[in-house]
Amino acid sequence: MNIIDGKKVSARVKSDVRAEAEALKAKGIGIGLAVVIVGDDPASRVYVNNKKKACAEVGFESFEYALPASTTQEELLDLVSKLNKDDKVNGILVQLPLPKHIDENAVINAISPDKDVDAFHPQNVGHIMIGDFSFLPCTPAGVMELIAETGIEISGKKCVVIGRSNIVGKPMAMLLLHKSGTVTVTHSRTVDLPSVTREADILVVAVGKAKFVTADMIKPGAVVIDVGMDRDENGKLCGDVDFEDCKEKAGYITPVPGGVGPMTIAMLMRNTLTAAKIQNGCQD
Ligand code: GUN
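Residues numbered from 1 in each chain as written. Predicted model: local features only at pLDDT ≥ 70, side-chain atom pairs only at ≥ 80, totals over all residues. Heavy atoms only, no water.

### Some thoughts on the overall build of the chain
In terms of helices and strands, the chain carries 10 helices and 11 strands. For 284 residues, the compact-globule estimate of 2.2 N^0.38 gives 19 Å, and the C-alpha radius of gyration of the chain, at 19 Å, lies within 12% of that figure. Expressed as lengths along the three principal axes of its C-alpha atoms, the size of the chain is roughly 50 × 40 × 35 Å. When each of the 284 residues of the chain is scored for burial, the buried share is 48%. Restricting to contacts in the chain with at least 6 residues of sequence separation, those with at least 24 account for 70%. Carbon and sulfur atoms make up 51% of the accessible area of the chain, which amounts to about 13200 Å² in all. Both charge centroids of the chain, one from 32 positive and one from 37 negative side chains, sit 2 Å from each other. (Helix = DSSP H or I, 4+ residues; strand = E, 2+ residues; numbered from the N terminus. Rg over C-alpha atoms; globule rule 2.2 N^0.38 Å. Buried < 20%, exposed > 50% of the residue type's maximum accessible area, 1.4 Å probe, protein only. Contact = heavy atoms within 4.5 Å. Areas by Shrake-Rupley, 256 points an atom, 1.4 Å probe, with all protein chains shown as cover. Lys, Arg positive; Asp, Glu negative; His and termini not counted. Charge placed at Lys NZ, Arg CZ, Asp CG, Glu CD.)

Below, the structure is given as structure tokens:
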């Protein structure tokens, strides 16, 4: 069993981003990320704080907009429109989920595609589908970095993704496919899920259920990547994979915390850097 250290890999990514940000600053180009949070979801608050902290670490400015849960869709769309026009803002991140009275798709569609550092806008989703993209979807891109860290080739491998969300499952499948994996996407209606997951050389789990994947569901030696961020029966942070149960059987496994979570944020920093480079006409 090998534990893949997301903190270590994310530190490396952030250090590279920081070096590039410093070089841009020397040319008079500052980098800014606007982070918008609506309401007071505690998990979202933690994510937003971590994103702001990462901005400080890599030398970006962050602009937080913490709006009350009563904010109307129109008010939020007005803010997005203002941020689209603000030259100090290179990237815009609207933390999801939004309160129920706001149409998330309407908000995502309003973000200027060249500032869409989450890569959620349909234009960027289309680019990802085709394989010609500037912005990587943050969590799937972080997972790809962690798989790369194992040294295991994706090409030709059986890859199984559990979960089909727009944020993780679907773009994850696409990135694995771009690397020539043989990809199966499973979900809540999949019949006999364990028989599918047991075939996986690479298993990516994004279901949002604490300790959902147990040792009997994995192939010996598999790469197991846990995107979950859940609470166990004692309220302790855990993933979608039962780590203790699976760690000896897996070839490589990510912990929670300290696996995918830090990578998502590191990739967001990389996307914000990319956005700033494109907007300033200094892309490699
Ligand atoms: N909520 C959960 N994950 C994410 C993410 O990657 N980006 C945003 N904006 N909201 C999220």
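### Digging into the pairing of strand β7 (residues 202-205)
Neither face of β7 is left uncovered, since the one carrying I202 and V204 and the one carrying L203 and V205 both have all their residues buried. Here four bridges tie strand β5 (residues 158-162) to β7, and the two strands are oriented parallel to one another. Bridging across to β7, V161 finds its partner in V204. Pairing of β7 with strand β8 (residues 223-226) involves four bridges; the strand directions are parallel. Pairing of V205 across the sheet is with D226, part of β8. (Pairing = 2+ DSSP bridges.)

### Comments concerning the sheet that holds β8
Taken together, six strands build an open sheet; the order of strands is β1-β11-β8-β7-β5-β6 and the sheet is parallel. Looking at strand neighbours, the two that pair on one side only are β1 (2-3) and β6 (182-186), the edges of this open sheet. Bridge count between β8 and strand β11 (residues 252-253): two bridges; the pairing is parallel. When the bridges of β11 are listed, V223 appears paired with Y252. This element, helix α6 (residues 138-150), spans β7, β8 and β11 of the sheet and lies at about 150° to β8. (Axes fitted to C-alpha atoms, helices over the stretch in contact; angles between N-to-C directions.)

### Topic: the nonpolar core
Residues L33, F60, V143, L176, V204, I225 and M269 are the most contacted members of the largest nonpolar core, which totals 51 residues. With 10 residues, helix α10 (residues 260-279) is the single largest residue contributor to this core. If you look at the next biggest cluster of nonpolar residues, it comprises 18 residues, including V38, L98, V107 and I108. (Core = buried A, V, L, I, M, F, W, Y, C linked by side-chain atoms within 4.5 Å.)

### Here we look at the site of the ligand
Residues in close proximity to the ligand include K51, L93, V94, Q95, L96, D118 and F120, which together make up its full environment. Between the ligand and V94 there is a distance of 2.8 Å, counted from a nitrogen atom to a backbone nitrogen or oxygen. Here L96 contributes a backbone N or O atom positioned 2.9 Å from a nitrogen atom of the ligand. Protein chains bury 83% of the 280 Å² of accessible surface belonging to the ligand in isolation. Classifying every residue of the shell around the ligand gives four nonpolar, one polar and two charged. (Near = heavy atom within 4 Å. Polar contact = N/O pair within 3.5 Å; in protein donor to acceptor, adjacent residues only side chain to side chain. Nonpolar A, V, L, I, M, F, W, Y, C, P; charged D, E, K, R; others polar.)

Honestly, that's just the spatial picture; any functional story needs more than this.
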